[in-house]
Amino acid sequence: MSNPFENSDRSYDVLVNDEGQHSLWPTGTTVPAGWRTVLADRSREECLAHVEAHWTDMRPRSLRAATA
């Protein structure tokens, strides 16, 4: 059985939570509470590129604010 989070042959969504953290999620899978879709139904490579371009600070939003 292959890992659905690492299958380059399927479509993915990029999810973001309130802390600004990003996650790849298999398209068609229920989005967990507290997360929203910001990019939908794309290749794994496109989703990874989006995450790399938009999630440049890995710290949660609340930690960034507390240390600003």
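- Labelled according to an unreviewed UniProt entry, the protein chain appears under the name MbtH family protein, originating from Streptomyces albidoflavus.

Digging into the nonpolar core
Here is step 1 of the chain: Listed in full, the seven residues of the largest apolar core are Tyr12, Val14, Leu24, Leu39, Cys47, Val51 and Trp55.
Here is step 2 of the chain: Listed by contribution, the elements that provide at least two residues to this core are strand S1 (11-17) and helix H1 (44-54).
Here is step 3 of the chain: In this structure Val51 touches Val14, His22 and Leu24, once residues within four positions along its chain are discounted.

Describing the sheet that holds strand S3 (residues 35-43)
Here is step 1 of the chain: The sheet built from three strands is open, its strands ordered S2-S1-S3 with antiparallel pairing. At either end of the open sheet lies a strand with only one pairing partner, and these are strand S2 (22-26) and S3. Direction aside, neighbouring strands of the sheet carry axes that sit 30° apart on average.
Here is step 2 of the chain: Along the sheet, H1 contacts S1, S2 and S3; its crossing angle with S3, the most-contacted strand, is approximately 135°.

A word on the UniProt feature "domain: MbtH-like" (unreviewed entry) in the protein chain
Here is step 1 of the chain: Per the UniProt record, the feature "domain: MbtH-like" (unreviewed entry) sits at residues 3-53.
Here is step 2 of the chain: Along residues 3-53 one finds 20% helix and 41% strand; the C-alpha atoms at either end are 25 Å apart.

What counts as what
- Residues numbered from 1 in each chain as written.
- Predicted model: local features only at pLDDT ≥ 70, side-chain atom pairs only at ≥ 80, totals over all residues.
- Heavy atoms only, no water.
- Core = buried A, V, L, I, M, F, W, Y, C linked by side-chain atoms within 4.5 Å.
- Buried < 20%, exposed > 50% of the residue type's maximum accessible area, 1.4 Å probe, protein only.
- Helix = DSSP H or I, 4+ residues; strand = E, 2+ residues; numbered from the N terminus.
- Contact = heavy atoms within 4.5 Å.
- Pairing = 2+ DSSP bridges.
- Axes fitted to C-alpha atoms, helices over the stretch in contact; angles between N-to-C directions.
- UniProt positions renumbered as here; feature names shortened; annotations may be inferred.

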